[in-house]
Amino acid sequence: MRGWLTSFWIDLRRSKHYLIASLIAFAAGWAAGATGYGGMDRLAEQTMESMRELAGMIGSADNPQLMLFLFIFINNAVKAAMFVLSGALFGVLPIFVLITNGTMLGWLLQNPVNPEMGGLELFARGILPHGIVELPALIIACAYGIRFGFLLIRTLFLSFVPARRERAGEELRRFLAMLVPLMALLTVAMFVAAVIETTVTPALLR
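Here the structure is a predicted model, which means the values were calculated and not measured.

Looking at the layout of surface pockets
Alright, step 1. Size it by volume and the second largest pocket reaches roughly 160 Å³.
Alright, step 2. Lining the second largest pocket are F8, V133, P136, A137, I140, L182, L185, L186 and A189.
Alright, step 3. Counted by class, the lining of the second largest pocket contains nine nonpolar, no polar and no charged residues.

Re the nonpolar core
Alright, step 1. The biggest cluster of nonpolar side chains holds 40 residues, and the ones touching the most others in it are V84, L98, Y144, L182 and L186.
Alright, step 2. The biggest single contributor to this core is helix α6 (residues 119–158), with twelve residues.
Alright, step 3. Residues contacting V84, with those up to four places away along its chain left out, are A141, Y144, G145, F148, L179, L182, M183 and L186.

Quick notes on a nonpolar patch on the surface
Alright, step 1. There is a patch of nonpolar side chains on the surface, built from L66, L70, I74 and V78 and spanning about 340 Å² of accessible area.
Alright, step 2. Mapped onto the secondary structure, V78 falls in helix α4 (residues 64–85).

Points about the packing of aromatic side chains
Alright, step 1. Tallied over the full model, the rule gives nine aromatic pairs.
Alright, step 2. On the basis of an interplanar angle of 75° and a centroid distance of 6.1 Å, the ring pair of F26 and W30 is categorised as edge-to-face. Taken together, the residues F26 and W30, both in helix α2 (residues 16–34) and four residues apart, mark about one turn of the helix.
Alright, step 3. Of the residues examined, F26 reaches a relative accessible area of 8% and is grouped as buried.
Alright, step 4. Ring pairing ties together the aromatic residues F8, Y144, F148 and F175, which thus form one cluster.

Examining the packing of α2 against α6
Alright, step 1. In contact at an axis separation of 8 Å, α2 and α6 are set at 130° when each is read in the N-to-C sense. It follows that α2 is oblique to α6 by the angle criterion. Considering only the axes of α2 and α6, their crossing is right-handed. Taking contact as the criterion, the partners of Y18, L19, S22, L23, F26 and W30 in α2 are, on α6, F123, L135, I139, I140, C142, A143, I146, R147 and F150.
Alright, step 2. Residue classes in the contact of α2 with α6 are distributed as 13 nonpolar, one polar and one charged.

Looking at the packing of α4 against α6
Geometry of a packed helix pair, given as the angle between the helix axes and the separation of the axes.
Alright, step 1. Here α4 crosses α6 at 25°, and the two axes come no closer than 6 Å. It follows that α4 is roughly parallel to α6 by the angle criterion. From α4, N76, A80, F83, V84 and L85 reach across to α6, where they touch E134, L138, A141, C142, Y144, G145 and F148.
Alright, step 2. The residue inventory of the contact of α4 with α6, partitioned by class, reads nine nonpolar, two polar and one charged.

Quick notes on helix α5 (residues 92–110)
Alright, step 1. Between its terminal C-alpha atoms α5 stretches 28 Å, which fits the 27 Å expected from 19 residues at 1.5 Å a residue.
Alright, step 2. Those residues of α5 not exposed but buried are P94, V97, L98, G102, T103, L105, G106, W107 and L109.

Here's the deal with the pattern of salt bridges
Alright, step 1. Counted by the stated rule, this structure contains five salt bridges.
Alright, step 2. R14 is the partner of D11 in a salt bridge, and the nearest nitrogen-oxygen pair spans 3.0 Å. Separated by three residues within a single helix, D11 and R14 lie in helix α1 (residues 2–14), roughly one turn from each other.
Alright, step 3. A residue is classified by how much of its surface remains accessible, and D11, at 1% relative accessible area, is buried.
Alright, step 4. In this structure, the salt-bridge partner of E171 is R154, at a minimum N-O distance of 2.9 Å. One end of the pair, E171, is in helix α7 (residues 162–177); the other, R154, is in helix α6, with 17 residues separating them in the sequence.
Alright, step 5. Taking the relative accessible area as the measure of exposure, R154 reaches 19% and is therefore buried.
Alright, step 6. Put simply, D11, R14 and R147 are held in one network by salt bridges that share partners.

Concerning the side chain of E134
Alright, step 1. Along the chain, E134 falls in helix α6.
Alright, step 2. An unpaired buried charge is present at E134: no salt bridge exists, and K79, the closest side chain of opposite charge, is 8.7 Å distant.
Alright, step 3. Ignoring sequence-local partners within four residues, the contact set of E134 consists of N76, M190, A193 and E197.

Definitions and cut-offs
Residues numbered from 1 in each chain as written. Predicted model: local features only at pLDDT ≥ 70, side-chain atom pairs only at ≥ 80, totals over all residues. Heavy atoms only, no water. 1 Å grid on protein atoms, 1.4 Å probe; cavity = no way out; pocket = protein on both sides within 12 Å on 5 of 7 lines; lining within 4 Å. Points joined across faces, edges and corners; volume = space filled by probe spheres on them. Nonpolar A, V, L, I, M, F, W, Y, C, P; charged D, E, K, R; others polar. Core = buried A, V, L, I, M, F, W, Y, C linked by side-chain atoms within 4.5 Å. Buried < 20%, exposed > 50% of the residue type's maximum accessible area, 1.4 Å probe, protein only. Helix = DSSP H or I, 4+ residues; strand = E, 2+ residues; numbered from the N terminus. Contact = heavy atoms within 4.5 Å. Patch = residues over 30% accessible without salt bridge, like charges linked within 9 Å, V, L, I, M, F, W, Y side chains within 5 Å. Areas by Shrake-Rupley, 256 points an atom, 1.4 Å probe, with all protein chains shown as cover. Salt bridge = Lys/Arg side-chain N within 4 Å of Asp/Glu carboxyl O. Phe/Tyr/Trp six-rings, centres within 6.5 Å; stacked < 30°, edge-to-face > 60°. Axes fitted to C-alpha atoms, helices over the stretch in contact; angles between N-to-C directions. Parallel < 35°, antiparallel > 145°, perpendicular 65-115°, else oblique. Left-handed = near helix turned anticlockwise from the far one by under 90°. Expected span 1.5 Å × (residues − 1). Lys, Arg positive; Asp, Glu negative; His and termini not counted.

This is how it looks when you write it as structure tokens:
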């Protein structure tokens, strides 16, 4: 187990440029949302309406808190895996996901749902507790998705260059070997985030 974690940590450091690119995309989205760019009002209204409908469905369950936990955990875990694997489409979707999530979060902090709670207070009480786990997991998932797309493009082009073809293929194989531990860690992170979001976060927002 220790060797497995060490290998992943080494691979994560190898992915630092993709992590930086992911942070830049997320920050760019955040800035766009905070300044009201990108027509977020309409998207926010649609999102809030969907959340109200979902809250109504969950609230009618026999155990609403358990149902909410299962929904958040499964939804986030599946999406994290999808963000990694969607990098096969040349890394486009992970970049879009980062910008969109950053934009939505930036807009929300400037336009809090509860007018009695400022954006900074909303972030500290309603987002930071679970976000400190969930947001890094999202960024790591998308960084690996971007890396996946880059490696596929690189392998495709270098397949016509015999001298570099083997090295490109080896890098892709090394990446694919890390998918299982990556998915396991993302699942654990999303589990922890879901526990916090359904227990600690509601208590802080009361």
